[in-house]
Amino acid sequence: MKETNCSGADDCCLKMKYRDKTGTEYKCLISRLNRIEGQVRGIKNMVENDRYCVDILTQVSAVQSALNAFNKELLAQHIKSCVVTDIRNGNDEVIDELVCLLQKLMK
């Protein structure tokens, strides 16, 4: 496998992945993100209302756990769809991309 640059300065933002807006994959991801968004708004309100630091930190930890769960779900879907499709089409560079992604997620 060739050496790759995992600095995050690659062209990852130019690729697209179609998600059926009526499908369960899309609905699951959006539902998770909506819950996380609500949790973050709740944390903001806690800070604005001078809540106790430990209470705020507990909620931040819950958001981090929710984001980790979102990442796991999205990563699984990515491997099952994008990575498999690219490998079947002969694009083995997707493996290097996946390795870099896993390195970033495991920091």
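Residues numbered from 1 in each chain as written. Predicted model: local features only at pLDDT ≥ 70, side-chain atom pairs only at ≥ 80, totals over all residues. Heavy atoms only, no water.

A. Focus on the confidence of the model for the protein chain. Scored by pLDDT, the protein chain comes out at a mean of 90, with 88% of its residues at no less than 70. Averaged pLDDT values for the elements of the protein chain fall to 95 in helix α3 (residues 93-105) and rise to 97 in helix α1 (residues 24-48). (pLDDT = per-residue confidence, 0-100. Helix = DSSP H or I, 4+ residues; strand = E, 2+ residues; numbered from the N terminus.)

B. The arrangement of the side chain of glutamine 77 in detail. If you trace the backbone, glutamine 77 turns up in helix α2 (residues 53-88). Judged by its relative accessible area of 13%, glutamine 77 falls in the buried class. In contact with glutamine 77, other than residues within four places in its own chain, are Glu25, Leu29 and Cys82. (Buried < 20%, exposed > 50% of the residue type's maximum accessible area, 1.4 Å probe, protein only. Contact = heavy atoms within 4.5 Å.)

C. Region of interest: the nonpolar core. Counting residues in hydrophobic clusters, the biggest one holds 8 residues: Leu29, Ile36, Ile43, Met46, Ile56, Val63, Ala66 and Phe70. Looking at this core, the elements with two or more residues in it are α1 and α2. (Core = buried A, V, L, I, M, F, W, Y, C linked by side-chain atoms within 4.5 Å.)

D. Focus on the pattern of salt bridges. This model, assessed by the stated rule, comprises 6 salt bridges. Across the salt bridge formed by arginine 51 and aspartate 55, the nearest N and O atoms sit 3.8 Å from each other. Salt bridges sharing partners connect three or more residues here, namely Lys17, Arg19 and Glu25. (Salt bridge = Lys/Arg side-chain N within 4 Å of Asp/Glu carboxyl O.)

E. Structural view of the environment of arginine 19. With respect to the helices and strands, the residue arginine 19 is situated in the segment before α1. For arginine 19, the contacting residues outside a window of four places in its chain are Glu25, Tyr26, Leu29 and Leu74. Here glutamate 25 takes part through its side chain, which lies 3.4 Å from a polar atom of the side chain of arginine 19. (Polar contact = N/O pair within 3.5 Å; in protein donor to acceptor, adjacent residues only side chain to side chain.)

F. Unusual backbone geometry, seen in detail. For aspartate 50, which is not a glycine, the phi torsion comes out positive at approximately 55 degrees. Considering the arrangement of structural elements, one finds aspartate 50 in the loop between α1 and α2. On the accessibility criterion, aspartate 50 (69% relative accessible area) is exposed.

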